[in-house]
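# Notes for the structure review
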Amino acid sequence: MTLVEVGLRYLPLGYDLRRVVDDGMTAGGLSLARTKVLQVLDRRGTVRQSVVAQELGQAPRSVTQSVEALEREGLVEWTADPHDGRSKLVRLTPEGAKALAAGTAAGEQVLREVFDALRAALSGAA
């Protein structure tokens, strides 16, 4: 089997792992995609929405929808840009920081469970 064939065989595994993590995080209240937006704001502070889009490698329109949903839930808030009256900045709220911590913990728990099960399966196969 070539390295390309091995890579192609494991691509679905990455997709499945992402889905399992997202499902676990969503059950805890915050999807993986929304957690990523909050992570950017946590890391970068108060920024323009275009910065969030750039960091995530997404189209600004996609980020707009996520940010608007997060704002409706009180997890982020808009503020006027002091350097450009036409622009707005977005920042994490205290509730957003709590949701981010919970979402991150939920994702980490799912990953621990997945890799503990994998480790157990590999130990039993040895």
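Whatever comes next refers back to the structure up there.
Read on for an overview of the structure. Remember, it's a predicted structure, so these values are computed and weren't measured experimentally.

This brings us to the pairing of strand β1 (residues 76-81). Pairing between β1 and strand β2 (residues 84-92): six bridges, direction antiparallel. Directly across from E77, in β2, lies its bridge partner R91. Between β1 and β2, which follow one another and run antiparallel, lie two residues.

Looking now at the nonpolar core. Nonpolar side chains tend toward joint burial in soluble globular proteins. Core analysis: the largest hydrophobic core is formed by 17 residues, its most contacted members being L38, L41, V52, L70 and V76. If you list the elements that add at least two residues to this core, you get α2 (32-44), α3 (49-56), α4 (60-72), β2 and α5 (94-125). Per-element accounting of this core gives the leading share, four residues, to α2. Setting aside chain neighbours within four positions, we find V76 in contact with L38, L41, V67, L70, E71, V90, R91, L92 and T93. In this structure, V21, M25, A106 and V110 belong to the second largest nonpolar core, which totals five residues.

Turning our attention to the packing of α2 against α3. Contact pair α2 / α3: the axes reach a minimum separation of 10 Å and the direction vectors enclose 115°. The pairing of α2 with α3 is recorded here as roughly perpendicular in orientation. The hand of the α2/α3 crossing is right-handed. Here α2 contributes K36, V37, V40, L41, R43 and R44 to the contact with α3, which in turn contributes V51, V52, E55 and L56. Among the residues forming the contact of α2 with α3, the class breakdown is six nonpolar, no polar and four charged.

Our focus in this paragraph is the pattern of salt bridges. Pairing between side chains becomes possible if they bear opposite charge and their charged atoms approach one another. Under the defined criterion, the tally for this structure stands at eleven salt bridges. Its salt-bridge partner being D84, residue R48 comes within 3.5 Å of it at the nearest N-O pair. Of this pair, R48 sits in the loop between α2 and α3 while D84 sits in strand β2, placing them 36 residues apart in sequence. Residue class for R48 comes out partly exposed when judged on its relative accessible area of 34%. A residue is classified by how much of its surface remains accessible, and D84, at 15% relative accessible area, is buried.

Nonpolar side chains collect at one region of the surface, where M1, V6, Y10 and L13 lie side by side and expose about 430 Å² of accessible area between them. Within the secondary structure, Y10 sits in helix α1 (residues 3-27). Using a relative accessible area of 51% as the deciding quantity, one classes Y10 as exposed.

Parameters at a glance
- Residues numbered from 1 in each chain as written.
- Predicted model: local features only at pLDDT ≥ 70, side-chain atom pairs only at ≥ 80, totals over all residues.
- Heavy atoms only, no water.
- Pairing = 2+ DSSP bridges.
- Helix = DSSP H or I, 4+ residues; strand = E, 2+ residues; numbered from the N terminus.
- Core = buried A, V, L, I, M, F, W, Y, C linked by side-chain atoms within 4.5 Å.
- Buried < 20%, exposed > 50% of the residue type's maximum accessible area, 1.4 Å probe, protein only.
- Contact = heavy atoms within 4.5 Å.
- Axes fitted to C-alpha atoms, helices over the stretch in contact; angles between N-to-C directions.
- Parallel < 35°, antiparallel > 145°, perpendicular 65-115°, else oblique.
- Left-handed = near helix turned anticlockwise from the far one by under 90°.
- Nonpolar A, V, L, I, M, F, W, Y, C, P; charged D, E, K, R; others polar.
- Salt bridge = Lys/Arg side-chain N within 4 Å of Asp/Glu carboxyl O.
- Patch = residues over 30% accessible without salt bridge, like charges linked within 9 Å, V, L, I, M, F, W, Y side chains within 5 Å.
- Areas by Shrake-Rupley, 256 points an atom, 1.4 Å probe, with all protein chains shown as cover.

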